[in-house]
Amino acid sequence: MVTGRNLRNRGRRVAVIGAGSWGTTFAKVLCDAGCDVTVWARRREVAHEIQVAKRNTQYLAGINLPKSLKATDDLSVALRGAGLVFLAVPSQTLRQNLLDIEPYLDRRSVLVSLVKGVEKTTTMRMSQVMADTLDLDPTRIGVISGPNIALEIAKEQPTGGVASCADLTVAQEIATAASAPYFRTYVNTDVVGTELGGVLKNLIALAIGIVDGVGYGENTKAAIITRGIAEMTQFSVAHGADPATLSGLAGLGDLIATCQSPLSRNNTAGRLIGQGYTQEETREQMQQVAEGITSVPPVLELARELGIRMPIVEQVQMVLDGRMAPKDLGPHLATEDDVPQPEQAIPDGAHEGTWRRLLNRLKGTQA
Ligand SMILES: NC(=O)C1=CN([C@@H]2O[C@H](COP(=O)(O)OP(=O)(O)OC[C@H]3O[C@@H](n4cnc5c(N)ncnc54)[C@H](O)[C@@H]3O)[C@@H](O)[C@H]2O)C=CC1
Ligand SMILES: O=C(CO)COP(=O)(O)O
């Protein structure tokens with residue numbers, strides 16, 4: 001089907017690095033947006049199946065991929081002429097993957113992270129790993145995040161996401177490339193908030209899975225989701241994010257999708273732990289990446305550095321370590337306040353950044 005959107009992207013060469021469930025699905029979104037897409041798969045057989053049969057049976061069973069989608073296990077082929085390079089690999093391998101692609105990158109190409117984790121050894125967000133590894137200018141670093149369960153999108157069930165870059169024009173270019181009839185992409189310049197929304201919702205989804213595995217009902221889960229978004233917002237704002245981003249698709253939107261979906265790997269991993277499996281047994285059972293498990297320690301380290309309490313994430317860590325029984329996880333069950341605390345649905349100070357930005361914007365218009 002030819003649409004205005006297809007025409008805008010005519011001749012736009014893009015590459016997707018990583019052919020797991022999200023890389024393959026996102027490659028389909030980009031094809032359906034009219035881009036000329038090549039996906040790079042680490043394993044030759046996966047690249048071959050996508051290229052020849054237009055299928056990726058291991059990660060997207062039953063999905064027919066677009067005829068125009070190309071696949072290769074050769075980075076030089078994938079990156080040739082690609083102005084936009086989307087990264088869909090596990091967070092812990094991104095640094096090495098970036099070093100591998102460096103020799104084939106065009107100096108002007110923009111790199112876009114689709115990854116929702118932090119690097120365990122450095123506590124860096126993916127955009128920081130990108131800047132650190134390749135010494136990229138912020139205008140060449142983008143992020144896309146949102147309520148994006150891969151299999152639902154591969155089935156063309158409508159949803160949206162946010163494309164973020166310090167430079168709004170670049171964010172708009174990324175969003176144009178990634179806007180398909182069933183996938184609407186909004187823009188912002190809040191890279192930190194967009195990225196942290198995707199990281200932190202995984203930790204809350206682990207908590208939801210754990211209490212689900214225990215057998216707790218909707219009250220417990222609603223309390224965790226509500227307190228969870230407060231924890232996510234406070235942490236992100238302390239790192240410079242705009243609180244509005246956390247109430248948008250990349251924050252609350254993704255939190256809802258991940259906490260509700262049985263397809264979520266973080267939710268599933270939490271459920272196994274709640275049912276009594278150990279962290280190691282859970283890792284063995286999971287065939288796919290559950291970023292949350294790896295992100296818990298570095299996120300808590302960052303929270304400690306900033307003096308922030310994250311009671312739900314702390315409890316998830318204790319359950320993962322075997323220091324707390326899954327049945328004891330819950331924002332109220334572990335509370336031992338001498339004096340009852342105010343609820344503070346949105347934590348103190350979380351809106352200060354918004355007012356500061358608004359003021360700066362007004363000053364900018366007056367100048
Ligand atoms: N699946 C989903 O619904 C979504 C996933 N994401 C994020 O996308 C990222 C990738 O996740 P998925 O595609 O879902 O994972 P997956 O588990 O479906 O696939 C992981 C892919 O990474 C590859 N891989 C493993 N080690 C590698 C290495 N050393 N170098 C390069 N590739 C390697 C695997 O071969 C596989 O193709 C994660 O950060 C995840 O949080 C974001 C949005 C949605
Ligand atoms: O990020 C996702 C949905 O937006 C996918 O979540 P999981 O990694 O838990 O499957």
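You'll find the protein chain entered in an unreviewed UniProt entry as Glycerol-3-phosphate dehydrogenase [NAD(P)+], with Leucobacter muris given as the organism. What the UniProt record of the protein chain gives under Sequence similarities (unreviewed entry) is the line "Belongs to the NAD-dependent glycerol-3-phosphate dehydrogenase family." Listed in UniProt under the heading Subcellular location (unreviewed entry), the comment for the protein chain reads: "Cytoplasm".

## Some words on the UniProt feature "binding site: sn-glycerol 3-phosphate" (unreviewed entry) in the protein chain
On the UniProt side, "binding site: sn-glycerol 3-phosphate" (unreviewed entry) is annotated at positions that read Lys 116, Gly 146, Lys 201, Asp 254, Ser 264, Arg 265 and Asn 266 here. Tracing the backbone shows Gly 146 in the loop between β6 (141-145) and α7 (150-154). When its relative accessible area of 0% is taken as the criterion, Gly 146 is described as buried. Setting aside residues no more than four positions away along its own chain, Gly 146 makes contact with Lys 116, Gly 160, Gly 161, Leu 249, Ala 250 and Asp 254. Its location among the elements puts Arg 265 in helix α13 (residues 265-274). Arg 265 gets classed as partly exposed once you look at its relative accessible area, which sits at 29%. Once residues lying within four places of it in the same chain are set aside, the contact partners of Arg 265 are Ser 21, Met 286, Gln 288, Val 289 and Ala 290.

## Some details on the site of ligand 1
If you check the shell around ligand 1, you find 24 residues, and the closest are Ser 21, Ala 150, Arg 265, Gln 288 and Glu 291. Between ligand 1 and Trp 22 there is a distance of 3.0 Å, counted from an oxygen atom to a backbone nitrogen or oxygen. Within the side chain of Arg 42, a nitrogen or oxygen atom sits 3.0 Å from an oxygen atom of ligand 1. In isolation ligand 1 has 830 Å² of accessible area, and contact with the protein removes 88% of it. Of all the elements, helix α2 (residues 21-32) adds the most residues to the shell around ligand 1, at 3 residues. Counted by class, the shell around ligand 1 contains 12 nonpolar, 7 polar and 5 charged residues.

## With respect to the domain arrangement of the protein chain
Frequently, the measure chosen for interface size is the accessible area that the parts lose on association. According to the domain assignment, the protein chain consists of domain 1 (9-189) and domain 2 (193-351). Computed from C-alpha coordinates alone, the two centres of domain 1 and domain 2 are separated by 26 Å. In this complex, domain 1 contributes 30 residues to the contact, which on the side of domain 2 involves 26 residues. In total, about 2,100 Å² of surface goes out of reach between domain 1 and domain 2, with carbon and sulfur atoms giving 65% of it. The largest share of the area that domain 1 buries against domain 2 comes from Lys 116, Thr 123 and Ile 149, three residues that together contribute 26% of it.

## Description of the pairing of strand β7 (residues 159-165)
Of all 7 residues that make up β7, 6 are buried, and the element is covered over most of its length. Across 4 bridges, β6 lies against β7 in antiparallel orientation. Counterpart to Gly 142 in the pairing with β7 is Cys 165. Both β7 and strand β8 (residues 183-188) contribute to a ladder of 6 bridges, which runs parallel. Of the residues in β8, the one forming a bridge with Gly 161 is Thr 185.

## Some remarks on the nonpolar core
Formed by 42 residues in total, the largest nonpolar core has its most connected members in Phe 26, Leu 30, Val 37, Phe 86, Ile 144 and Ile 174. Per-element tally for this core: the top contributor is α2, with 6 residues. Once residues within four sequence positions are removed from consideration, Phe 26 is found in contact with Phe 86, Leu 114, Ile 144, Ala 178 and Phe 183. If you look at the next biggest cluster of nonpolar residues, it comprises 41 residues, including Leu 200, Leu 255, Leu 272 and Val 299.

Each value, and the rule that gives it
- Residues numbered from 1 in each chain as written.
- Chains lettered and ligands numbered in written order.
- Predicted model: local features only at pLDDT ≥ 70, side-chain atom pairs only at ≥ 80, totals over all residues.
- Heavy atoms only, no water.
- UniProt positions renumbered as here; feature names shortened; annotations may be inferred.
- Helix = DSSP H or I, 4+ residues; strand = E, 2+ residues; numbered from the N terminus.
- Buried < 20%, exposed > 50% of the residue type's maximum accessible area, 1.4 Å probe, protein only.
- Contact = heavy atoms within 4.5 Å.
- Near = heavy atom within 4 Å.
- Polar contact = N/O pair within 3.5 Å; in protein donor to acceptor, adjacent residues only side chain to side chain.
- Areas by Shrake-Rupley, 256 points an atom, 1.4 Å probe, with all protein chains shown as cover.
- Nonpolar A, V, L, I, M, F, W, Y, C, P; charged D, E, K, R; others polar.
- Domains from an automatic or database assignment.
- Buried area = accessible area lost by both parts, 1.4 Å probe.
- Pairing = 2+ DSSP bridges.
- Core = buried A, V, L, I, M, F, W, Y, C linked by side-chain atoms within 4.5 Å.

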